Amino acid sequence: MNNNKKVLISIIASVLVIAIAVGVLIWKWPTIKKSVFKKDDNKETTSQSAAKTQEGGSGESNNKAGNYNFETVDTGKKSVEVKDVSASASSAQIEVPVYATENPGIVAAQINITYDTDAFTFADCAGGEIFDTCDGNFDAKTKTLKIIAQNGGEDNLKLVSGAGVMCKVILKPTDKAKAGTYKLDIKTEAAGLDDKLVTVKAKAGNIVIG
(Lines give C-alpha, C1' and ligand atoms only; values in the text may rest on other atoms or scores of the structure.)
Protein backbone atom coordinates (compact mmCIF):
# COMPACT_ATOMS: atom_id res chain seq x y z
CA MET A 1 0.00 0.00 0.00
CA ASN A 2 1.48 3.38 -0.95
CA ASN A 3 1.90 6.32 1.41
CA ASN A 4 -1.20 8.05 0.07
CA LYS A 5 -3.36 5.09 1.04
CA LYS A 6 -1.79 4.91 4.49
CA VAL A 7 -2.48 8.61 5.03
CA LEU A 8 -6.07 8.13 3.85
CA ILE A 9 -6.69 5.27 6.24
CA SER A 10 -4.90 6.94 9.13
CA ILE A 11 -6.59 10.32 8.76
CA ILE A 12 -10.09 8.98 8.19
CA ALA A 13 -9.84 6.40 10.95
CA SER A 14 -8.18 8.60 13.58
CA VAL A 15 -10.10 11.80 12.90
CA LEU A 16 -13.52 10.19 12.64
CA VAL A 17 -13.21 7.57 15.37
CA ILE A 18 -11.73 10.00 17.89
CA ALA A 19 -14.18 12.75 16.95
CA ILE A 20 -17.19 10.46 17.23
CA ALA A 21 -15.93 9.10 20.56
CA VAL A 22 -15.79 12.56 22.13
CA GLY A 23 -19.00 13.67 20.50
CA VAL A 24 -17.38 16.36 18.36
CA LEU A 25 -16.96 15.88 14.63
CA ILE A 26 -13.95 17.57 13.04
CA TRP A 27 -14.84 18.50 9.48
CA LYS A 28 -11.67 17.95 7.48
CA TRP A 29 -12.86 16.29 4.29
CA PRO A 30 -11.42 19.03 2.00
CA THR A 31 -8.08 18.69 3.81
CA ILE A 32 -8.25 14.91 3.55
CA LYS A 33 -8.82 15.09 -0.19
CA LYS A 34 -5.96 17.53 -0.77
CA SER A 35 -3.43 15.66 1.35
CA VAL A 36 -4.38 12.13 0.40
CA PHE A 37 -5.26 12.14 -3.27
CA LYS A 38 -1.98 13.52 -4.59
CA LYS A 39 -0.39 11.64 -7.45
CA ASP A 40 3.02 10.18 -6.63
CA ASP A 41 4.49 8.42 -9.67
CA ASN A 42 7.40 7.08 -7.64
CA LYS A 43 5.15 5.00 -5.40
CA GLU A 44 3.65 1.67 -6.29
CA THR A 45 -0.15 1.65 -6.28
CA THR A 46 -2.49 -1.19 -5.50
CA SER A 47 -5.88 -0.97 -7.16
CA GLN A 48 -8.89 -1.81 -5.10
CA SER A 49 -9.83 -4.47 -7.66
CA ALA A 50 -6.51 -6.20 -7.07
CA ALA A 51 -6.93 -5.91 -3.32
CA LYS A 52 -10.30 -7.66 -3.39
CA THR A 53 -10.12 -11.41 -3.04
CA GLN A 54 -13.82 -12.01 -3.46
CA GLU A 55 -15.97 -11.14 -6.42
CA GLY A 56 -19.71 -11.35 -6.97
CA GLY A 57 -21.61 -12.43 -3.91
CA SER A 58 -21.86 -11.56 -0.26
CA GLY A 59 -19.27 -12.48 2.31
CA GLU A 60 -15.98 -11.23 3.60
CA SER A 61 -12.31 -12.08 3.60
CA ASN A 62 -9.16 -10.92 5.35
CA ASN A 63 -6.54 -9.03 3.35
CA LYS A 64 -3.30 -7.37 4.26
CA ALA A 65 -1.84 -4.40 2.44
CA GLY A 66 1.24 -2.75 3.91
CA ASN A 67 0.73 -2.49 7.66
CA TYR A 68 -3.06 -2.57 7.41
CA ASN A 69 -5.51 -5.42 7.69
CA PHE A 70 -8.84 -4.98 5.97
CA GLU A 71 -11.89 -6.99 5.00
CA THR A 72 -13.53 -7.00 1.60
CA VAL A 73 -17.28 -7.29 1.89
CA ASP A 74 -19.94 -7.44 -0.81
CA THR A 75 -23.57 -6.70 -0.02
CA GLY A 76 -24.55 -9.24 -2.69
CA LYS A 77 -26.82 -6.69 -4.37
CA LYS A 78 -26.36 -5.28 -7.85
CA SER A 79 -29.34 -2.96 -7.44
CA VAL A 80 -31.61 -1.70 -4.69
CA GLU A 81 -35.15 -0.37 -4.54
CA VAL A 82 -35.22 3.24 -3.40
CA LYS A 83 -38.31 3.52 -1.22
CA ASP A 84 -40.24 6.59 -0.13
CA VAL A 85 -40.71 7.06 3.60
CA SER A 86 -44.27 7.50 4.86
CA ALA A 87 -44.81 9.47 8.06
CA SER A 88 -47.11 11.98 9.73
CA ALA A 89 -46.45 15.52 10.84
CA SER A 90 -46.83 14.35 14.43
CA SER A 91 -44.06 11.73 14.12
CA ALA A 92 -41.37 12.19 16.75
CA GLN A 93 -38.66 11.21 14.28
CA ILE A 94 -38.44 10.07 10.66
CA GLU A 95 -35.74 7.62 9.59
CA VAL A 96 -34.68 8.06 5.97
CA PRO A 97 -32.35 5.46 4.39
CA VAL A 98 -29.68 6.76 2.02
CA TYR A 99 -29.13 4.13 -0.68
CA ALA A 100 -26.03 3.43 -2.75
CA THR A 101 -27.43 2.35 -6.11
CA GLU A 102 -23.94 1.76 -7.56
CA ASN A 103 -20.91 1.09 -5.38
CA PRO A 104 -17.58 -0.35 -6.59
CA GLY A 105 -16.09 -0.47 -3.08
CA ILE A 106 -15.67 2.19 -0.37
CA VAL A 107 -14.27 2.61 3.14
CA ALA A 108 -15.52 6.15 3.92
CA ALA A 109 -17.58 8.97 2.46
CA GLN A 110 -18.88 12.46 2.95
CA ILE A 111 -22.61 12.59 2.18
CA ASN A 112 -24.15 16.03 1.60
CA ILE A 113 -27.92 16.20 1.97
CA THR A 114 -30.28 19.07 1.30
CA TYR A 115 -33.94 19.01 2.33
CA ASP A 116 -36.77 21.33 3.37
CA THR A 117 -35.30 22.87 6.51
CA ASP A 118 -38.57 24.61 7.32
CA ALA A 119 -40.30 21.24 7.62
CA PHE A 120 -37.51 19.18 9.22
CA THR A 121 -34.52 19.46 11.52
CA PHE A 122 -31.59 17.07 11.77
CA ALA A 123 -31.67 14.78 14.81
CA ASP A 124 -29.12 11.99 14.25
CA CYS A 125 -27.75 9.44 11.82
CA ALA A 126 -27.13 5.70 12.02
CA GLY A 127 -25.13 3.11 10.12
CA GLY A 128 -26.59 0.87 7.43
CA GLU A 129 -25.54 -2.06 5.27
CA ILE A 130 -22.49 -0.28 3.88
CA PHE A 131 -21.23 2.02 6.64
CA ASP A 132 -20.83 1.00 10.27
CA THR A 133 -20.71 4.46 11.82
CA CYS A 134 -21.57 8.03 10.90
CA ASP A 135 -21.83 11.48 12.37
CA GLY A 136 -23.48 14.60 11.00
CA ASN A 137 -23.34 18.36 11.16
CA PHE A 138 -25.85 20.82 9.72
CA ASP A 139 -24.24 23.78 7.93
CA ALA A 140 -26.67 26.64 8.49
CA LYS A 141 -24.89 28.86 5.93
CA THR A 142 -25.39 26.47 3.02
CA LYS A 143 -28.42 24.74 4.55
CA THR A 144 -26.73 21.41 3.93
CA LEU A 145 -26.45 18.40 6.20
CA LYS A 146 -22.92 16.98 6.02
CA ILE A 147 -22.46 13.38 7.12
CA ILE A 148 -19.13 11.62 7.34
CA ALA A 149 -19.46 7.84 7.46
CA GLN A 150 -16.89 5.07 7.60
CA ASN A 151 -16.36 1.35 7.96
CA GLY A 152 -14.40 0.09 10.92
CA GLY A 153 -11.29 1.81 12.23
CA GLU A 154 -7.59 1.74 11.52
CA ASP A 155 -7.28 -1.84 12.78
CA ASN A 156 -10.45 -3.27 11.20
CA LEU A 157 -11.10 -1.49 7.92
CA LYS A 158 -13.84 -2.73 5.62
CA LEU A 159 -13.93 -2.24 1.87
CA VAL A 160 -17.63 -2.67 1.12
CA SER A 161 -18.97 -3.01 -2.42
CA GLY A 162 -22.45 -3.55 -3.81
CA ALA A 163 -25.75 -1.71 -3.56
CA GLY A 164 -27.54 -1.16 -0.26
CA VAL A 165 -28.26 1.32 2.52
CA MET A 166 -25.24 3.55 3.14
CA CYS A 167 -26.62 5.06 6.33
CA LYS A 168 -29.86 6.33 7.81
CA VAL A 169 -30.68 10.00 8.37
CA ILE A 170 -33.01 10.78 11.25
CA LEU A 171 -35.07 13.96 10.93
CA LYS A 172 -37.63 15.61 13.21
CA PRO A 173 -40.73 17.31 11.73
CA THR A 174 -41.26 20.91 12.76
CA ASP A 175 -44.59 22.63 13.30
CA LYS A 176 -44.34 23.75 9.65
CA ALA A 177 -44.38 20.19 8.31
CA LYS A 178 -47.61 19.76 6.36
CA ALA A 179 -49.12 16.97 4.30
CA GLY A 180 -47.22 16.52 1.07
CA THR A 181 -44.12 15.05 -0.58
CA TYR A 182 -40.66 16.28 0.36
CA LYS A 183 -37.54 15.51 -1.70
CA LEU A 184 -34.03 14.97 -0.39
CA ASP A 185 -31.05 15.73 -2.64
CA ILE A 186 -27.96 13.55 -2.10
CA LYS A 187 -24.37 14.26 -3.19
CA THR A 188 -21.58 11.89 -2.20
CA GLU A 189 -17.78 11.90 -2.20
CA ALA A 190 -16.38 8.47 -1.33
CA ALA A 191 -12.95 6.96 -0.74
CA GLY A 192 -11.69 3.48 -1.52
CA LEU A 193 -8.32 1.85 -0.92
CA ASP A 194 -6.73 3.79 -3.74
CA ASP A 195 -5.25 7.20 -4.41
CA LYS A 196 -8.41 8.68 -5.91
CA LEU A 197 -12.05 9.30 -5.10
CA VAL A 198 -14.50 6.52 -5.94
CA THR A 199 -17.67 7.23 -7.90
CA VAL A 200 -20.71 6.10 -5.93
CA LYS A 201 -24.29 6.83 -6.98
CA ALA A 202 -26.52 7.55 -4.00
CA LYS A 203 -30.17 8.42 -3.60
CA ALA A 204 -32.87 8.75 -0.96
CA GLY A 205 -36.61 8.32 -1.35
CA ASN A 206 -39.07 11.13 -0.74
CA ILE A 207 -40.62 11.80 2.63
CA VAL A 208 -44.38 11.54 2.24
CA ILE A 209 -46.36 13.24 5.01
CA GLY A 210 -49.91 11.99 5.17
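Everything below is about the structure shown above.
First, a word on scope: everything that follows refers to the structure included in this document. Residue positions are given per chain, counted from 1 along the sequence in the order it is written. In keeping with the model being predicted, local features are shown solely for residues with a pLDDT of at least 70 and side-chain atom pairs are shown and tallied solely at 80 or more, while totals for entire chains, interfaces and linings include all residues. Side-chain metrics rest on all non-hydrogen atoms present in the structure, leaving aside hydrogens and water.

### What about unusual backbone geometry?
Of note, the phi angle at K143 is positive, near 55°, even though the residue is not glycine. Segments assigned H or I by DSSP are reported as helices when at least four residues long, segments assigned E as strands when at least two residues long, and all are numbered from the N terminus. Turning to its location among the elements, K143 is positioned in the loop between β7 (133-139) and β8 (144-150).

### Concerning the packing of aromatic side chains
Paired rings are identified among Phe, Tyr and Trp, the last through its six-membered ring, by centres lying within 6.5 Å, and are further divided according to the angle between planes into stacked (under 30 degrees), edge-to-face (over 60) and tilted (the rest). Applying the stated rule across the entire model yields 2 aromatic pairs. Look at Y115 and F138: their rings are 6.2 Å apart centre to centre, the planes differ by 45°, and that puts the pair in the tilted class. Of the two residues, Y115 sits in the loop between β5 (108-114) and β6 (120-127) while F138 sits in strand β7, which places them 23 residues apart along the sequence. Among the residues examined, Y115 registers a relative accessible area of 10% and is labelled buried. Aromatic side chains F120 and Y182 sit 5.1 Å apart centroid to centroid with 85° between the ring planes, which places their arrangement in the edge-to-face category. With F120 in strand β6 and Y182 in strand β11 (residues 180-182), this residue pair connects regions lying 62 residues apart in the sequence. Overall, F120 belongs to the buried group, its relative accessible area being 1%. Between buried and exposed lies partly exposed: a residue is buried under 20% and exposed over 50% of the maximum accessible area for its type, with that area taken using a 1.4 Å probe on protein chains only.

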